[in-house]
Amino acid sequence: METLLDEIIESFGLPEKPKSGPVPRDRVLAWMETDDVEALGALYAYLMKADYSRRVFPALMLSDYLTFVPRYLERCFHENPDGEWSHGRYAAAWDFASWFGTLWRDRQIDKKELVRLKNWLGGIYKNGNAAVRRCIIDGTLEHLFENREIARFFTDWKDDPLLMDAYAEALQWKEGG
């Protein structure tokens, strides 16, 4: 019996045996709703690579990514899966930092979406255990704050008693302290 993971891989192919046909958008959207973190990891891996994501037809919208990516990465932050496709906590943190940086540089992205992602990350931090919090500081904030503008964008965290230490620590690391 074919699993959802098998179906996703079969639809996109593997790097050594890539497929070339279109992958229906409605199928991809349905896959995004699964609770199987390993299948989500595979789907994420394909959708974050242009060679695969451009095969989705009709194309996914930015709003699809803005819903799917945080949902998947949140699972990774909290569950720290150790699968073949799913991301461990730190890989998820690095990926989020990279993705956020890409969105930040895209002048067509509505600032409200960046605020929403910043607030989402703050919520993960607030509701996370010590390991999740450490990961967000080390794997995400320290890397984001290498960009001065992004560090300024997060300054409202200084006014939140649950986020202020994370902000200060990440900023201190960025400044070499």
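Residues numbered from 1 in each chain as written. Predicted model: local features only at pLDDT ≥ 70, side-chain atom pairs only at ≥ 80, totals over all residues. Heavy atoms only, no water.

## Observations regarding the overall build of the protein chain
Helix and strand content of the protein chain: 10 helices and 4 strands. Scaling as 2.2 N^0.38, a compact globule of 177 residues should have a C-alpha radius of gyration of about 16 Å, and the protein chain matches this with 17 Å. By its C-alpha atoms, the protein chain is 50 × 35 × 25 Å across when sized along the principal axes. Considering only contacts within the protein chain whose residues lie at least 6 apart along the sequence, 66% involve residues at least 24 apart. Split by element, the accessible area of the protein chain, about 9,500 Å² in all, is 51% carbon and sulfur. Averaged over its 23 positive side-chain charges, the protein chain has a centre that lies 6 Å from the centre of its 30 negative ones. (Helix = DSSP H or I, 4+ residues; strand = E, 2+ residues; numbered from the N terminus. Rg over C-alpha atoms; globule rule 2.2 N^0.38 Å. Contact = heavy atoms within 4.5 Å. Areas by Shrake-Rupley, 256 points an atom, 1.4 Å probe, with all protein chains shown as cover. Lys, Arg positive; Asp, Glu negative; His and termini not counted. Charge placed at Lys NZ, Arg CZ, Asp CG, Glu CD.)

## Some details on the environment of Asn-129
As for its placement among the helices and strands, Asn-129 is situated in the loop between α7 (111–127) and α8 (130–144). Residue Asn-129 is classed as partly exposed on the basis of its relative accessible area, which comes to 43%. A C-alpha to C-alpha distance of 8.2 Å links Asn-129 and His-78, two positions 51 residues apart in sequence. A distance of 2.9 Å separates a polar atom in the side chain of Asn-129 from the backbone nitrogen of Val-132. (Buried < 20%, exposed > 50% of the residue type's maximum accessible area, 1.4 Å probe, protein only. Polar contact = N/O pair within 3.5 Å; in protein donor to acceptor, adjacent residues only side chain to side chain.)

## Quick notes on the packing of aromatic side chains
Applying the stated criterion across every chain, the model contains 20 aromatic pairs. Site record: aromatic cluster; members linked through ring pairs are Phe-77, Phe-96, Trp-99, Phe-100, Trp-104, Trp-120, Phe-145, Phe-153, Phe-154, Trp-157 and Tyr-167. Just above the ring of Trp-104 sits the side chain of Lys-111; from NZ or CZ to the centre is 3.9 Å. Stacked on the ring of Phe-153, the Lys or Arg Lys-118 has its end atom at 4.3 Å from the ring centre. (Phe/Tyr/Trp six-rings, centres within 6.5 Å; stacked < 30°, edge-to-face > 60°. Lys NZ or Arg CZ within 6 Å of the ring centre and 35° of its normal.)

## A closer look at the pattern of salt bridges
All chains considered together, the criterion is met by 12 salt bridges. For Lys-19, the salt bridge goes to Glu-10, with nearest N and O atoms at 2.6 Å. Among the residues examined, Glu-10 registers a relative accessible area of 45% and is labelled partly exposed. Within the structure, one salt-bridge network assembled from shared partners comprises Arg-134, Asp-138 and Glu-169. (Salt bridge = Lys/Arg side-chain N within 4 Å of Asp/Glu carboxyl O.)

## Here we look at the packing of helix α6 (residues 89–105) against α8
Relative to each other, α6 and α8 sit at 35 degrees, their axes nearing to 8 Å. Between α6 and α8 the crossing geometry is right-handed. Every residue of α8 that contacts α6 at Arg-89, Tyr-90, Ala-93, Trp-94, Phe-96, Ala-97, Phe-100 and Gly-101 is listed here: Ala-131, Val-132, Arg-134, Cys-135, Asp-138, Gly-139, Thr-140, His-143 and Leu-144. Each residue belonging to the contact of α6 with α8 can be placed in one class, and the counts come to 10 nonpolar, 4 polar and 3 charged. (Axes fitted to C-alpha atoms, helices over the stretch in contact; angles between N-to-C directions. Left-handed = near helix turned anticlockwise from the far one by under 90°. Nonpolar A, V, L, I, M, F, W, Y, C, P; charged D, E, K, R; others polar.)

## Thoughts on the nonpolar core
Phe-12, Val-28, Leu-47, Phe-100, Leu-141 and Phe-154 are the most contacted members of the largest nonpolar core, which has 61 residues in total. Considering every element that reaches this core, the biggest residue donor is helix α3 (residues 37–47), with 9 residues. Among residues more than four places away in sequence, those in contact with Val-28 are Phe-12, Val-23, Leu-43, Leu-47, Val-56 and Leu-60. (Core = buried A, V, L, I, M, F, W, Y, C linked by side-chain atoms within 4.5 Å.)

## Re the packing of helix α5 (residues 62–79) against α6
The geometry of α5 relative to α6 is characterised by a closest axis approach of 8 Å and an angle of 155 degrees between their N-to-C directions. On the basis of the axis angle, α5 is roughly antiparallel to α6. The two elements α5 and α6 cross, and the hand of that crossing is left-handed. Seen from α5, the contacting residues are Leu-62, Tyr-65, Leu-66, Val-69, Pro-70, Leu-73, Cys-76, Phe-77, His-78 and Glu-79; seen from α6, they are Arg-89, Ala-92, Ala-93, Phe-96, Trp-99 and Leu-103. Looking at the contact of α5 with α6 residue by residue, the class counts come to 13 nonpolar, 1 polar and 2 charged. (Parallel < 35°, antiparallel > 145°, perpendicular 65-115°, else oblique.)

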